[in-house]
Amino acid sequence: MDEPRDDIDTWLEERVTPLPPRPGTFDQVRKRARRRKLRQAAIAAAGVAVVAAGAIAVPRVVLSGHVGGTPVAQSGSTTPVHRNSPSPARPSLSGTAGPDSASATPTPALAPSVPPNFAASSVTFVSTSTGWVIGQAGTPGHCGPPDPNICTSMAVTNDGGHTWHGVPAPVTGAPDGATGVSQVRSLDGASGWAFGPQLYATHDSGHTWTRIPTHGMRVTGLETVNGVAFAIWARCAGTGADFAAGCTSFSLYSSPAGQDSWIPVAGATGLSGPSGAPASAQLVLTGGRGYLLAPDGKLISGPVTSPARWRPVTTSQGTPVALACAPGAAETGGHPLQAMLASTGPGLALLCASQGSGDRQAKTLYYSADGGRTWNPAGPAPARGIAMSLSGTPDGPVLVATSEGIDVSANAPGSGTLSWHRSHGVTATGGYSYVGMTTSAQGVAVPANVGLDAVWFTYDGGAHWQESPVR
């Protein structure tokens, strides 16, 4: 007897002919397979690149650099390339990553070296770790481009002076009358200025520099704070490296740090020395106010804003304060010689110096705790050496850089009779043209001998200094 069969079983045993696919189906499948293979190949290549990058030792300094000049584009390329730079990479000076970065640590393939024979003329720090130094480097006739005799160079440190690396520099030479630059200041690692006597600005961490017209005047001083830059523009007749010699008229200008919109500061223009003789001026900025040591020995002050109006500092009787000394003519580099002003602790310090004889010079320090309205003698500074720079500290002690070394006060002006000691480790022949304290503990000094390829650092308030070769 046959087993009964279900209709479904009968249907399943029959031959079934599948329906044909829609037109174009096979072409779509081939295209998808091809895209899948391309994605897999790209992922594999990216993996190789990541492994290769991981094998590179990444330095902390992050800019490409060269001897003189700003970025140029190679023929047939739209990518800016720095002259004499081993890498076109352009990460941030401050060490922070860009918006497309997955890490806060930049990873350039190669950090550029500092040009040979670097001779520092000025230094600026925006933190205890990051600072810029400007000077002349290389060998004239073998620098540039565009001009083989333009050897202006810059270097940066991101580790407090332990190492230096080359960065782009303005395309101009050393000071020569009304041309060239010798000084550098930076606000935040992004906006910076090279000056003395010309004025150049950068707002992209030094990758490019723009010359700022000064209408025939020379910039002899510049400082910046709280998003505003102030500069002293002077009319001078000095030639050669003495660009600040023969200056007879001084005006204070200001600009928001990122705008290059320089305008005169009302109340601080057309200033001159006694009888129109060659003189100098000095600028000091604090967190809330600025102070201008005018060429006639008056003190002018105002808010650190732009625009702003500054006025002479007056006594309680309303008469302008007459300081104990006037700046006098400037030394090479634009720094005053006979009167130097600095902010220290909560007050101001004024160093009055005589003309000097040989390697000795009478120096008297004055202190004001009320914004320059009243001044009290704080005692003499050591007579050895010709004073070149005065610096205060947040805690109050002051430092004097001289042709013989660096003297540090053991206590703050206004706290009693000052006592002094000569710093250890300051061995530059010819002394120091500049000293500045980033904090009460850390500071930097620039040697007066421009043939030296180093700056000096202190990490203990000026008691000891150590050489930092810029190379």
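Shown above is the structure to which this text applies.
Residues numbered from 1 in each chain as written. Predicted model: local features only at pLDDT ≥ 70, side-chain atom pairs only at ≥ 80, totals over all residues. Heavy atoms only, no water.

Draft legend 1. Region of interest: the packing of aromatic side chains. Under the counting rule described, the total for this entry stands at eight aromatic pairs. Measuring from centroid to centroid gives 6.1 Å for Trp-132 and Trp-209, while their planes differ by 70 degrees, and the two rings are edge-to-face. Within this pair, whereas Trp-132 is found in strand β4 (residues 131-136), its partner Trp-209 is found in the loop between β9 (199-202) and β10 (210-211), the two being separated by 77 residues in sequence. Owing to a relative accessible area of 8%, Trp-209 belongs among the buried residues under this scheme. Here the aromatic rings of Phe-230 and Trp-310 are separated by 5.4 Å at their centres, their planes lie at 40 degrees, and the arrangement is tilted. Here Phe-230, found in strand β12 (residues 228-235), pairs with Trp-310, found in the loop between β17 (299-303) and β18 (311-312); they are 80 residues apart in sequence, far enough to count as distant. The exposure class assigned to Trp-310 is buried, which follows from its relative accessible area of 1%. Put simply, the rings of Phe-125, Trp-164, Phe-457 and Tyr-459 pair up and form one aromatic cluster. (Phe/Tyr/Trp six-rings, centres within 6.5 Å; stacked < 30°, edge-to-face > 60°. Helix = DSSP H or I, 4+ residues; strand = E, 2+ residues; numbered from the N terminus. Buried < 20%, exposed > 50% of the residue type's maximum accessible area, 1.4 Å probe, protein only.)

Draft legend 2. How the structure looks around the pattern of salt bridges. For the structure shown, the criterion picks out three salt bridges. In this structure, the salt-bridge partner of Arg-422 is Asp-407, at a minimum N-O distance of 2.6 Å. With a gap of 15 residues between them, Arg-422 in strand β26 (residues 420-422) and Asp-407 in strand β25 (residues 406-409) connect regions that are remote in the sequence. Accessibility expressed as a relative area gives 19% for Arg-422, which makes it buried. By relative accessible area, which is 3% here, Asp-407 ends up buried. (Salt bridge = Lys/Arg side-chain N within 4 Å of Asp/Glu carboxyl O.)

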